[in-house]
Amino acid sequence: MNPARVAVIDIGSNSIKLLVAGAGPGRPVALRSKTLDARISAGISSERPELGAEGMERGVAAVKELLAEAAPERAERTILAATSAVRDAANGAEFRARVQAATGHAIRVLSGDEEANLIGRGLACDPALSGLEDFYLFDLGGGSLECLAFRGRRALREVSLRLGCVRLTEKFVADPQAPFPPGAAGAIARHTRESFAAAGFAFDLPPGAAVVGTGGTLTNVRAVQGAPAGRPLEQTDTLLPVPELRAMLGWLGSLPLAERRRVPGLPPARADVFPAALATLIAVAELGGFAAYRHSLYNLRWGLAAEALGL
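So, a few notes on the structure that sits alongside this text. Treat the numbers as computed from the prediction; the structure is a model and nothing was measured. (Residues numbered from 1 in each chain as written. Predicted model: local features only at pLDDT ≥ 70, side-chain atom pairs only at ≥ 80, totals over all residues. Heavy atoms only, no water.)

**With respect to the nonpolar core**
Line of reasoning, step 1. The biggest cluster of nonpolar side chains holds 46 residues, and the ones touching the most others in it are F138, F196 and Y293.
Line of reasoning, step 2. Of all the elements in the fold, those that place two or more residues in this core are β6 (135–140), β7 (145–151), β8 (154–161), α5 (165–172), α6 (184–199), α7 (216–226), α8 (242–253) and α10 (274–288).
Line of reasoning, step 3. In terms of residue count, the dominant contributor to this core is α10 (9 residues).
Line of reasoning, step 4. Grouped together as the second largest cluster of nonpolar side chains are 28 residues, V6, L132, Y298 and A305 included. (Core = buried A, V, L, I, M, F, W, Y, C linked by side-chain atoms within 4.5 Å. Buried < 20%, exposed > 50% of the residue type's maximum accessible area, 1.4 Å probe, protein only. Helix = DSSP H or I, 4+ residues; strand = E, 2+ residues; numbered from the N terminus.)

Have a look at this one:
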């Protein structure tokens, strides 16, 4: 029997997110949500990635805080799921053991395919996108980029690439305190092209297919755009043209980290990886030949909730 209410904690490379949801008509209904920046993934770009002691401590503390946040909703089932940082770390099992010892909850480590499929399932919960038939979906996290192609709302292909913004910042930005290096965007673009080619991900949907983007980077783009006028996120445009991403990279990338952290709408904890994230999304758009992303807030947490609720 499916539960009527679930709490999902998505343990990502850069942030840890909570969604408490109940069963609605055909899709989950959000009851409570919260995101904490924990950055458990420092060192993820190394040959043998390992989670650092401080990152694991931040991760355990964040999970405990989100479980406390969820408690008043009395969910019948609680799901903890981890993605690229824990999946790729040589000591991921140690982190899972620490979380279980501190909370009593086991962590489900998602494979790249599982993560991509569940993101696609979450996107299907977005009522604003119910009319889409043929589209691409890109979800950019700290450790990986999930790439999916849908035709007739059915996933044709999905692939998880090691193109997360924390990973690429560590790989291509020698001094995160300084402005974004002039050659970093080009290096990220070349690395992105090589990764897509190696994975065999083809941009072969019919002309005019929509492109949907999820993840914290595009959320932050909208927040930065809305901040000067005091507009909350829900009042900002969900269509984000690629030239606007280039302009934002040119502006924010020229700032040293200390100044970037003071930009209204940009979370200080994400300011160091934000330029590499923008460069990656721009590189994907250039590779696919598309002009804009349609942003959705419905991603992995929603897919896990829909799966657990049997929707």
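**Quick look at the pairing of β7**
A regular strand places its side chains so that they alternate between the two faces of the sheet.
Line of reasoning, step 1. Within β7, 6 of the 7 residues are buried, which leaves it mostly tucked inside the rest of the structure.
Line of reasoning, step 2. Here 6 bridges tie β6 to β7, and the two strands are oriented antiparallel to one another. When the bridges of β7 are listed, Y136 appears paired with A149.
Line of reasoning, step 3. Between β6 and β7, which follow one another and run antiparallel, lie 4 residues.
Line of reasoning, step 4. In this antiparallel pair of consecutive strands, β7 and β8, the connection spans 2 residues, and G152 shows a positive phi of 60°. (Pairing = 2+ DSSP bridges.)

**Some points on the packing of aromatic side chains**
Line of reasoning, step 1. Within the structure shown, the criterion is met by 13 aromatic pairs.
Line of reasoning, step 2. Ring geometry for Y136 and F203: centres 5.3 Å apart, planes at 55°, overall tilted. With Y136 in strand β6 and F203 in the loop between α6 and β9 (210–214), the pair connects residues that are 67 residues apart, well separated along the chain.
Line of reasoning, step 3. On the accessibility criterion, Y136 (6% relative accessible area) is buried.
Line of reasoning, step 4. When the ring of F138 is compared with that of F203, the centres are 6.1 Å apart and the planes differ by 35°; the resulting orientation is tilted. On the criterion of sequence distance, the pair formed by F138 in strand β6 and F203 in the loop between α6 and β9 is long-range, its members being 65 residues apart. (Phe/Tyr/Trp six-rings, centres within 6.5 Å; stacked < 30°, edge-to-face > 60°.)

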